[in-house]
Amino acid sequence: DPETRLNSYPHQLSGGQRQRVMIAMTLANEPDLLIADEPTTALDVTVQAQILKLLKELQAARGMAMLFITHDLGIVRKFADRVCVMTGGEIVEQGPVAEIFDNPQHSYTRHLLAAEPKGTPPVQNDSRPVVVQADDLKVWFPIKRGFLRKTVDHVKAVDGIDIKVRKGQTLGIVGESGSGKTTLGLAILRMISSTGRISFNGSDIQENSWKEMRPLRRDMQIVFQDPFGALSPRMSVSDIVGEGLLVHFPDLTAAERDRKVARALEEVGLDASTRFRYPHEFSGGQRQRISIARAMVLEPKFVMLDEPTSALDMSVQAQVVDLLRDLQRKHDLAYLFISHDLKVVRALANEVVVMRNGKVVESGVSEEIFDRPRTAYTKALMAAAFNLETAPEGVVSE
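Here's a quick rundown of the structure. Each chain carries its own residue numbering, running from 1 in the direction its sequence is written. Residues qualify for local features only when their pLDDT is at least 70, as the model is predicted, and side-chain atom pairs are given and counted only at 80 or more; totals for whole chains, interfaces and linings, by contrast, use all residues. Heavy atoms from the whole structure form the basis of all side-chain values; hydrogens and water molecules are not counted.

This brings us to the sheet that holds strand β8 (residues 195-200). Strands pair in a sheet through their backbones, by hydrogen bonds, and they do so in one of two ways: parallel or antiparallel. Between any two strands, pairing holds if DSSP finds at least two bridges. Under the DSSP-based scheme used, a helix requires at least four consecutive residues in state H or I and a strand at least two consecutive residues in state E, with every element numbered from the N terminus. Pairing in this open sheet of four strands is antiparallel, and the strands run β6-β5-β8-β9 from one edge to the other. Strand pairing shows two members of the sheet lacking a second neighbour, β6 (150-166) and β9 (203-204), which therefore form its edges. Both β8 and β9 contribute to a ladder of two bridges, which runs antiparallel. Its bridge partner lying in β9, S199 is registered against D204. Any two residues whose heavy atoms approach within 4.5 Å at even a single point are treated as in contact. Orientation is described by axes fitted as lines to C-alpha atoms, over the contacting stretch for helices, and by angles from 0 to 180 degrees between their N-to-C directions. Helix-sheet contacts for helix α7 (residues 181-188) involve β5 (130-145), β6 and β8, and the interaxial angle to β5 is about 115°.

Now for the side chain of T309. The residue T309 is located in the loop between β11 (302-306) and α12 (314-331) in this model. Note on classification: 1.4 Å probe, protein chains only; a residue is buried when its accessible area is under 20% of the maximum for its type, exposed when over 50%, partly exposed between these limits. The class for T309 is buried, based on a relative accessible area of 1%. With near-sequence residues (within four places) excluded, T309 lies in contact with Q317, V320, V321 and V344.

Moving on to the sheet that holds strand β13 (residues 351-356). What the six strands build is an open sheet, ordered β10-β11-β12-β7-β13-β14; its pairing is mixed. Single-partner strands in this sheet number two, and they are β10 (220-223) and β14 (359-365). Neighbour-to-neighbour, the strand axes of the sheet open up by a mean angle of 15°, direction not taken into account. In this sheet, strand β12 (residues 334-338) lies alongside β11 in parallel orientation, the contact comprising five bridges. Residue pairing for β12: M304 is matched across the bridge by L336. Sitting on the sheet, helix α11 (residues 284-296) touches β10, β11 and β12, and the angle it makes with β10 is about 175°.

A separate point is the pairing of β5. Pairing analysis gives 13 bridges linking β5 to β6, with the strands arranged antiparallel. Each residue of the ladder has a partner; that of K138, found in β6, is D159. Linking two consecutive strands that pair antiparallel, namely β5 and β6, is a turn of four residues; a positive phi of about 85° is found at G146 within it. Alignment of β5 against β8, held across five bridges, turns out to be antiparallel. Looking at the pairing, Q133 lines up with S199 of β8.

This is the structure we're talking about:
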């Protein structure tokens, strides 16, 4: 809806919508050379397919050269003519795409091609207690126009959704950018206003004041999408991971708090001796592990994972998926896993909810959703994710 969006500010757009604005800004200048640095990382699979198709068409029409930087090997195989493989600041292998993918020579190239989220989630058990439940949840943002800024309509970001997450279970939330996935998660955590019923461990928390919510924050944690923006550059890793302990366990001594921080870092696969360093001294994958440690140090019951692997390369994605699965088994955690990467969702989620325009279009056991999708929209998502085909016309959002 460009007429409406032209007057919007960046904070009013989803991550995928913001990325599309950036692409539009670049293409408006009709460049001879386009350097596209991970241009589809924040986009869902169907919009990703649209963007790639658009870039190909523009390249053919304008004779535009393109340097495409990405960690998504599926995109490289479909999109590029030649490929260079880099590690440690050096190109270790290059050549035509078909040659590199079919007959890789360097060990690092073979490692990248073999790296993919694998495994299966813990077995679903419907007898386990429900940790989080939402009934008829709605988040409507008013659209105001005119001199008096009267409300003329609403953006129905979440429109009457029912979900349930059990102990030890992962519920995957998938859908296009702007479908309401993150808004749903934030509403469940009571970080934004909503209507409907939200219960946590059997207690209704929808009407809780911020003071009443504060003790519950320890048990309801979140891991954000961007490992670079989620950590304060002015704080050491020890302070970042230990900050929640200061709030929720004020009686701990400095030494006890330090031991908990060290143990949390070791649990996510990081050397505890690095805790006095700052975020800029770590890679993206290491930063995401720090974010996970920050959530896990409080020993939560429920964790919302908002696109936790989207900014990571394939090999690190696989490591983070294995880590999350191990932590879930060890601590019996309930996960709400929000992602547009369906391969990652398949490796982690017991059940899947497919969202579009704030509504649920399909939900059920993960295996059924992935192997036997019922709706045209879900089929389009699966085609774009696993077959790398452009989604059928009229199925994806305009």
